[in-house]
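Now for the letters of each chain:
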Amino acid sequence: MTLTERIALPGPKKLLAIDGGGIRGVLALEVLRQIEDLLRQQAGNEEFCLADYFDYISGTSTGGIIATCLSRGMSVESILTFYQDAGADMFTKANLLKRLRYKFRSEPLALKLQSVFGAETTFGSDTLRTLLLLVMRNASTDSPWPLSNNPYAKYNLVGRHDNNLQFPLWQLVRASTAAPTYFPPEVIVLPHPDPAKEKEFVFVDGGVTMYNNPAFQMFLMATLDRYWTQRPDARWRTGADRMLIVSVGTGTSPGVQTALEADDMNLLFNATTIPSALMFAALNEQDLLCRVFGDCRAGDQIDREIGDLVGSVGPLSREQKLFTYMRYNAELTRDGLDALGCQDIEPETVQKLDSVDGISDLRRVGRQVAQRKVVAADFSGFPVREP
């Protein structure tokens, strides 16, 4: 089945979003494995994978790696094996001297991505079985770049010299994962028939945009006519019975500081805490938007005032909701881990983006989230398609 045929399939559309979070992606993978197992049982097919179910998959940073693997039809188990085997190479922060020496095509993360996706595979490759959204930040233009392989998007028109579909797939995934201070940026050249007019852009991790959680942005790109300029009539229609959005996190770790005093908030304190605070706020805002405009079936409490918003109404009545929504995540604080039955896991072990030594603990946390929060009833009304 071609991508254009997949886009036009009748029936409800199913969308999956995966947060950024470095090696903490293994937590999300354990949740995804539970989803895959539940749907595989429903399908009655041992070869079933999530690309058979979800029509659009999005991811930022480590979520972009996972999303791309899933879109290519890889099983969650095989992606977990990849992370287990290659995590140390991909996510261990290199020292400054090594980062200065790296060539853009030869540092460890780039080499791993080339080996998995193929050095010559493009973003428009038919090896991608679903729509795919990758989020990165263009540091050259100081703007977020959410790129989709939607064949009807404006900058995916065949014949354009700046067609996004011609970029190497591994390089776009690498750009989305280029976390500042962890990895060197990714440089991508925008070709032009006149070499003198070629543009060179420097990309860094999409996690430093508003879309570390790309769920609501994916919804907009699936439904807004401006993202379907070549065929606006092909955009997907909304409705709680027409669209399912599943959002999977990689764990959050709000930096609660009960002993903080005003004098402590010096320049160094602000420089080290404000970026993560803004990213945490942006992640929650994407989740909140999905819960307000969607019919939320599952999700942890957002705060003590509004709760989890399951069954809530607001600007839209229950009948007007734009999609059905589930959010699965974990809080990697002491209280959050205790609530999951992980009293023996230290928060510091699982909170860092490069906690390679904590992979086994992260996987255990993910399994607890999967077992306690992911249930087959969440997916009712959105069955597996007949082969």
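Quick summary incoming for the structure in this document. (Residues numbered from 1 in each chain as written. Predicted model: local features only at pLDDT ≥ 70, side-chain atom pairs only at ≥ 80, totals over all residues. Heavy atoms only, no water.)

With that out of the way, let us pick up the pattern of salt bridges. Across all of its chains, the model carries 20 salt bridges by this definition. Glu36 is paired through a salt bridge with Arg40; the nearest N and O atoms lie 3.4 Å apart. Note that Glu36 and Arg40 are positioned in helix H2 (residues 25-43) at a spacing of four residues, about one turn of the helix. Overall, the relative accessible area of 2% leaves Glu36 in the buried class. Arg174 serves as the salt-bridge partner of Glu186, at 3.7 Å between the closest nitrogen and oxygen. On the criterion of sequence distance, the pair formed by Glu186 in strand S5 (residues 186-190) and Arg174 in helix H7 (residues 169-176) is long-range, its members being twelve residues apart. Taking relative accessible area as the criterion, Arg174 reaches 0% and is therefore assigned buried. One connected set of salt bridges, linked through shared partners, spans Glu30, Arg33, Glu77, Arg363 and Arg367. (Salt bridge = Lys/Arg side-chain N within 4 Å of Asp/Glu carboxyl O. Helix = DSSP H or I, 4+ residues; strand = E, 2+ residues; numbered from the N terminus. Buried < 20%, exposed > 50% of the residue type's maximum accessible area, 1.4 Å probe, protein only.)

This part is about the packing of aromatic side chains. In this description, an aromatic ring pair is defined by two values, namely the gap between the centres and the angle between the planes. Applying the stated criterion across every chain yields a total of 13 aromatic pairs. For the ring pair Phe219 and Phe323, a centre distance of 4.8 Å and an interplane angle of 55 degrees mean the geometry is tilted. Of this pair, Phe219 sits in helix H8 (residues 215-223) while Phe323 sits in the loop between strand S8 (295-298) and strand S9 (324-328); the two residues are 104 residues apart in sequence, bridging distant segments of the chain. In this structure, Phe219 and Phe323 share a single accessibility class: buried. Relative to Trp236, the ring of Trp228 has its centre 6.2 Å away and its plane inclined at 50 degrees; by these criteria the two rings are tilted. (Phe/Tyr/Trp six-rings, centres within 6.5 Å; stacked < 30°, edge-to-face > 60°.)

What follows covers the environment of Leu224. With respect to the secondary-structure elements, Leu224 resides in the loop between H8 and strand S7 (243-248). In this structure the C-alpha to C-alpha distance between Leu224 and Arg237, which are 13 residues apart in sequence, comes to 9.5 Å.

The next thing to look at is unusual backbone geometry. A positive phi angle is found at Asp142, which is not glycine, with a value near 55 degrees. Topologically, Asp142 is positioned in the loop between strand S3 (131-138) and strand S4 (143-148). The phi dihedral of Leu309 is positive, around 65 degrees, even though this residue is not glycine. Checked against the element boundaries, Leu309 lands in the loop between S8 and S9. Looking at Leu309, the relative accessible area reads 14%, which means it is buried.

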